Amino acid sequence: MLLDCWTVVWAIVLTYIFIGTRYSLWQLLGAVLCVLGLVLLSDAGVGGGGGSKPLLGDALVIAGTLFFSMSNVGEEFCVKKKARVEVVSMIGLFGLLLSGVNYTHKVVDLFLKVIDLCLPLKSSSSYD
């Protein structure tokens, strides 16, 4: 649960490295305060029962927070280089395309299931 807080840290590090954003002491203090608040909030909740591979789970959570931060930093980079309208339009267009592919996949699966229910395969003995 505490590893979810790494998104803020990754975003600060990645914007510093790739975009060159310089943070003031007050901004860094505000980020630390936010992370401490998240730590206190997650400690107040009931902990999970754990799993059979806790190190794998921790690595996946850290990788997820890294990729989420990379997405946010990439979006910020695009907004700085292009017009906001163009960036938001492209996000909408790609979201529409991905949703269309997902919807088509589900419709084809449903169509194949309906065909299987309506037209059962005949056994080889019925051809004799």
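You'll find the structure just up there.
All chains use their own residue numbering, which begins from 1 and follows the written sequence. It should be noted that, the model being predicted, local features are given only for residues of pLDDT at least 70 and side-chain atom pairs only at 80 or more, the latter also being counted only at that level, while totals for whole chains, interfaces and linings use all residues. Hydrogens are left out, water is left out, and the side-chain values use all remaining heavy atoms of the structure.

Chemist: Explain the overall build of the chain to me, please; I cannot follow it from the model alone.
Modeler: Helix numbering and strand numbering both begin at the N terminus, where a helix is a DSSP run of H or I of at least 4 residues and a strand a DSSP run of E of at least 2. Scanning the chain for helices and strands turns up 4 helices and 0 strands. The secondary structure elements of the chain, listed N-terminal to C-terminal, are α-α-α-α. Split into buried and exposed, the 128 residues of the chain put 9% on the buried side. Only the protein chains shown count as cover for residues, and the accessible areas themselves come from Shrake-Rupley with a 1.4 Å probe. Of the roughly 10600 Å² of accessible surface on the chain, a fraction of 72% belongs to carbon and sulfur atoms. Three exposure classes are used, based on accessible area relative to the maximum for each residue type with a 1.4 Å probe and protein chains only: buried under 20%, partly exposed in between, and exposed over 50%.

Chemist: Sorry if this is basic, but what is going on with a nonpolar patch on the surface here?
Modeler: Note on patches: the residues involved have over 30% relative accessible area and no salt bridge, like charges join within 9 Å, and the nonpolar side chains Val, Leu, Ile, Met, Phe, Trp and Tyr join within 5 Å. Each reported salt bridge corresponds to a side-chain nitrogen of Lys or Arg within 4 Å of a carboxyl oxygen of Asp or Glu. On the surface, W6, V9, V13, Y16, I17, F18 and I62 cluster together to form a nonpolar patch covering roughly 650 Å² of accessible area. The dominant element in the nonpolar patch, judged by the number of residues it contributes, is helix 1 (residues 6–19), at 6 residues. Its place among the elements puts I62 in helix 3 (residues 54–81).

Chemist: Please explain helix 1 as it appears in this structure.
Modeler: In an α-helix, one full turn covers 3.6 residues, which means residues spaced three or four apart are oriented alike. With 14 residues, helix 1 should reach 20 Å at 1.5 Å per residue; the first-to-last C-alpha distance of 19 Å fits that figure. Within helix 1, the full set of buried residues consists of T7, L14 and T15. Taken around the axis of helix 1, the buried residues stretch over an arc of 100°, which confines them to a single face. Should any heavy atoms of two residues lie within 4.5 Å, those residues are considered in contact. Contacts made by the buried residues of helix 1 are with helix 3. Between the first and last residue of a helix there are one fewer steps than residues, each counted as 1.5 Å, and that sum is the expected span. Working definition: the arc comes from the directions between the helix axis and the C-beta atoms, pointing outward to the latter.

Chemist: Honestly, the packing of helix 1 against helix 3 in this entry has me stumped. Any pointers?
Modeler: Packed helix pairs are specified by the crossing angle of their axes together with the interaxial distance, meaning the distance between the axes. Here helix 1 crosses helix 3 at 45°, and the two axes come no closer than 8 Å. On the basis of the axis angle, helix 1 is oblique to helix 3. The element helix 1 and its partner helix 3 pack so that their crossing is right-handed. In this structure, helix 1 contributes W6, T7, W10, A11, L14, T15 and I19 to the contact, and helix 3 contributes I62, T65, L66, F68, S69, M70, V73, E76, F77 and K80. Considered class by class, the residues forming the contact of helix 1 with helix 3 number 11 nonpolar, 4 polar and 2 charged. In this analysis, axes come from line fits to C-alpha atoms, helices being fitted only over the stretch in contact, and the angle between any two N-to-C directions falls in the range 0 to 180 degrees. By definition in this entry, angles of less than 35 degrees are roughly parallel, angles greater than 145 are roughly antiparallel, angles of 65 to 115 are roughly perpendicular, and the rest are oblique. Here a crossing is taken to be left-handed if its near helix is turned anticlockwise relative to the far helix by less than a right angle, and right-handed if that turn runs clockwise. Gly counts as polar in this scheme, as do all residues outside two lists: the nonpolar Ala, Val, Leu, Ile, Met, Phe, Trp, Tyr, Cys and Pro, and the charged Asp, Glu, Lys and Arg.

Chemist: Hey, could you run me through the side chain of S69 in this one?
Modeler: Mapped onto the elements, S69 comes out in helix 3. Ignoring anything within four residues of it in the chain, the contact list for S69 reads T7, W10, A11 and L14.

Chemist: I tried to follow the packing of aromatic side chains on my own but got confused; where do I start?
Modeler: By convention here, two paired aromatic rings are described through the distance between centres and the angle between planes. Between the rings of Phe, Tyr and Trp (Trp by its six-membered ring), a pair exists once the centres lie within 6.5 Å; its type follows the angle of the planes, with under 30 degrees stacked, over 60 edge-to-face, and the other angles tilted. According to the stated counting rule, one finds 1 aromatic pair in the structure shown. When the ring of W6 is compared with that of W10, the centres are 5.9 Å apart and the planes differ by 45°; the resulting orientation is tilted. Placement of both W6 and W10 in helix 1 is noted, with a separation of 4 residues, approximately one turn of the helix. We classify W10 as partly exposed; its relative accessible area is 24%.

Chemist: Explanation requested: the environment of R22 in the structure shown.
Modeler: Mapped onto the fold, R22 is located in the loop between helix 1 and helix 2 (25–44). For R22 and I12, which are 10 residues apart along the polypeptide, the C-alpha to C-alpha distance reads 9.4 Å. Setting aside anything within four residues of it in sequence, one finds R22 in contact with Y16 and Q27. Within the structure, R22 has its side chain in polar contact with the side chain of Y16 (distance 3.2 Å). Between N or O atoms, a polar contact is any pair within 3.5 Å; within protein, one atom must be a potential hydrogen donor and the other a potential acceptor, and residues adjacent in sequence are included only when both atoms are from side chains.

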